[in-house]
Amino acid sequence: MYTYTQGHSRIISSGSCIPNDIITTRELLEGAQVKERLGISNNWLRRVTGIREKRVAAAGSLPSDMAVTAAREALERAAIGIEEIGIIIFTSATRDYLVEPSTAHVVQSKLGASNAMVFDVSNACHGFMNGIHLMDALIATGQVRKGLVVTGEQGSRLANLAVEQLRHSDNKQDLVDLAGGLTLGDAGAALLMGPKTDPDSGFAGFILQSKGEYARLCYCGEENRHGPVVTDMPGIVGHTAPLVSDMYRQLMEEHLHWRTEELDKYILHQVGATSFRLHEQHVGVPVDIMPNTVVSMGNLITATIPVNLHNIAVNKEVEAGSKVYLSGAGSGVSISQVGLIWDMAA
């Protein structure tokens, strides 16, 4: 069962926070001692996922710090003061605190956003897409004029938990089960959103679906305890790929009335290099219009789509009126797809 809503908002500007430090996937497996303990090549993860390297946040940096850096860039690019921000939605899977307070409050304090209502949205890799949808609804009802959707992902924390567990394992299946966590990287991102200035621009429409029966295909932190990510990747791909295909058809044909050849960019959630071929196969979109960050940055969790949106804005890869398609996904399973008519000037 799908939920469809018409879009009422636009992206005013964007920001990102990309750490300088790099770790290669080979170095990660060397640290996990998979060759010594399991007899598996240290190049295995790169060969299976296509991920060459990932970024790692500086020691002492928190998810809120990365979100704040990205938010400040978005505000600066738009020349908008923090006092104009009515809502901040923090969407990361990784947070400053395990339970409370919500990291959105920390972001609010660091930004000095005293006029903003703030809260966290948590939905694994899909959190940022939920944040966009919520912000659009709040703007549509007139509760906010300008708001920030932010994330600060430190997937390296979860990758380190997987490395530590593998150091004590003699079971090759553990590497397969923990591989998803090993792909996670660090990045922050922010979108500054506001009402549409033209009905034929900004977010055109949203389609969303959740399939809780697949919740055990990827999980992390059972019984509220710290633990590595455990993933049944073939199961996730097998169940979600047909859903993505059907949702794409419904949004494009029944709601947006767009054709695939009209798309200028197709930005998807990226868990590995195979993600692009799978989307090409199931929805018929050519790979060459899909921006790729996963090879050099890994799975950025909730930051993947907003980082890529920021990249195409900064690099001026699209112009006003370009049609951009967003395809989000996260364990649970949640899936969303969004049509966006580009009008971001900053």
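Here the structure is shown first, and the text comes after it.
Residues numbered from 1 in each chain as written. Predicted model: local features only at pLDDT ≥ 70, side-chain atom pairs only at ≥ 80, totals over all residues. Heavy atoms only, no water.

Draft legend 1. View of the environment of Trp258. By the element assignment, Trp258 lies in the loop between helix H9 (233-256) and strand E12 (263-268). Those residues in contact with Trp258 that lie beyond four places of it in its chain are Ala204, Met252, Leu263, Lys323, Val324, Gly339, Leu340 and Ile341. (Helix = DSSP H or I, 4+ residues; strand = E, 2+ residues; numbered from the N terminus. Contact = heavy atoms within 4.5 Å.)

Draft legend 2. Region of the structure containing the state of the cysteines. Per the stated rule, a full pass over the model turns up zero disulfides. Considering cysteine sulfurs only, Cys218 is the nearest to Cys125, which forms no disulfide, with 7.1 Å between them. (Disulfide = S-S within 2.5 Å.)

Draft legend 3. Examining the side chain of Thr302 more closely. By secondary structure assignment, the location of Thr302 is in the loop between helix H11 (294-297) and helix H12 (304-314). At 2.5 Å, the side chain of Thr302 and the side chain of Thr151 are in polar contact. Leaving out residues up to four positions away in the same chain, Thr302 has contacts with Thr91, Ser92, Ala93, Ala124, Cys125, Gly127, Phe128, Thr151 and Glu153. (Polar contact = N/O pair within 3.5 Å; in protein donor to acceptor, adjacent residues only side chain to side chain.)

Draft legend 4. Quick peek at the packing of helix H7 (residues 155-166) against helix H8 (residues 172-182). Remark: H7 packs on H8, axes separated minimally by 8 Å, with the N-to-C direction vectors making an angle of 160 degrees. The pairing of H7 with H8 is recorded here as roughly antiparallel in orientation. The chirality of how H7 crosses H8 is left-handed. Contact residues: Leu158, Ala159, Ala162, Val163, Gln165 and Leu166 in H7; Asp174, Leu175, Leu178, Gly181 and Leu182 in H8. Of the residues that constitute the contact of H7 with H8, the class distribution is eight nonpolar, two polar and one charged. (Axes fitted to C-alpha atoms, helices over the stretch in contact; angles between N-to-C directions. Parallel < 35°, antiparallel > 145°, perpendicular 65-115°, else oblique. Left-handed = near helix turned anticlockwise from the far one by under 90°. Nonpolar A, V, L, I, M, F, W, Y, C, P; charged D, E, K, R; others polar.)

Draft legend 5. Up close: empty space enclosed by the protein. According to the stated counting rule, one finds one cavity of 30 Å³ or more in the structure shown. Lining the largest cavity we find Cys125, His126, Phe128, Met129, His269, Ile301, Thr302, Thr304, Ile305, Pro306, Gly328 and Ala329. Those elements giving two or more residues to the lining of the largest cavity turn out to be helix H6 (127-140), H12 and strand E13 (323-330). The element that contributes the greatest number of residues to the lining of the largest cavity is H12, accounting for three residues. Looking at the lining of the largest cavity residue by residue, the classes come out as seven nonpolar, five polar and no charged. (1 Å grid on protein atoms, 1.4 Å probe; cavity = no way out; pocket = protein on both sides within 12 Å on 5 of 7 lines; lining within 4 Å. Points joined across faces, edges and corners; volume = space filled by probe spheres on them.)

Draft legend 6. The pattern of salt bridges, seen in detail. By the definition in use, this model includes 15 salt bridges. For Asp170, the salt bridge is made with Arg37, and the minimal N-O distance between the two is 3.3 Å. A residue pair is termed long-range when its members are at least 10 positions apart, and Asp170 in the loop between H7 and H8 and Arg37 in helix H2 (residues 34-38) qualify at 133 residues. Glu254 is the salt-bridge partner of Arg249, the closest N and O atoms lying 3.3 Å from each other. (Salt bridge = Lys/Arg side-chain N within 4 Å of Asp/Glu carboxyl O.)

Draft legend 7. A look at H8. Listed in full, the buried residues belonging to H8 are Leu175, Leu178, Ala179, Gly180, Gly181 and Leu182. Here the buried face of H8 lies against helix H1 (25-32), H2, helix H3 (44-49), strand E4 (53-56), H7 and strand E11 (229-231). You can read the cap of H8 off the contacts: a side-chain oxygen lies 2.9 Å from the backbone nitrogen of Gln173, and it is on Asn171. (Buried < 20%, exposed > 50% of the residue type's maximum accessible area, 1.4 Å probe, protein only.)

Draft legend 8. Quick look at the packing of aromatic side chains. On inspection of all chains with the given rule, the structure shows four aromatic pairs. Ring geometry for Tyr248 versus Tyr325: centroids 5.1 Å apart, planes at 70 degrees, classification edge-to-face. Taken as a pair, Tyr248 in helix H9 and Tyr325 in strand E13 lie far apart in primary sequence, 77 residues in all. An identical accessibility class is assigned to Tyr248 and Tyr325; each is buried. By way of ring pairs, the aromatic residues Tyr248, Tyr266 and Tyr325 are connected into one cluster. Taking the ring centre of Tyr219 as reference, the NZ or CZ of Arg216 above it sits at 4.0 Å. (Phe/Tyr/Trp six-rings, centres within 6.5 Å; stacked < 30°, edge-to-face > 60°. Lys NZ or Arg CZ within 6 Å of the ring centre and 35° of its normal.)

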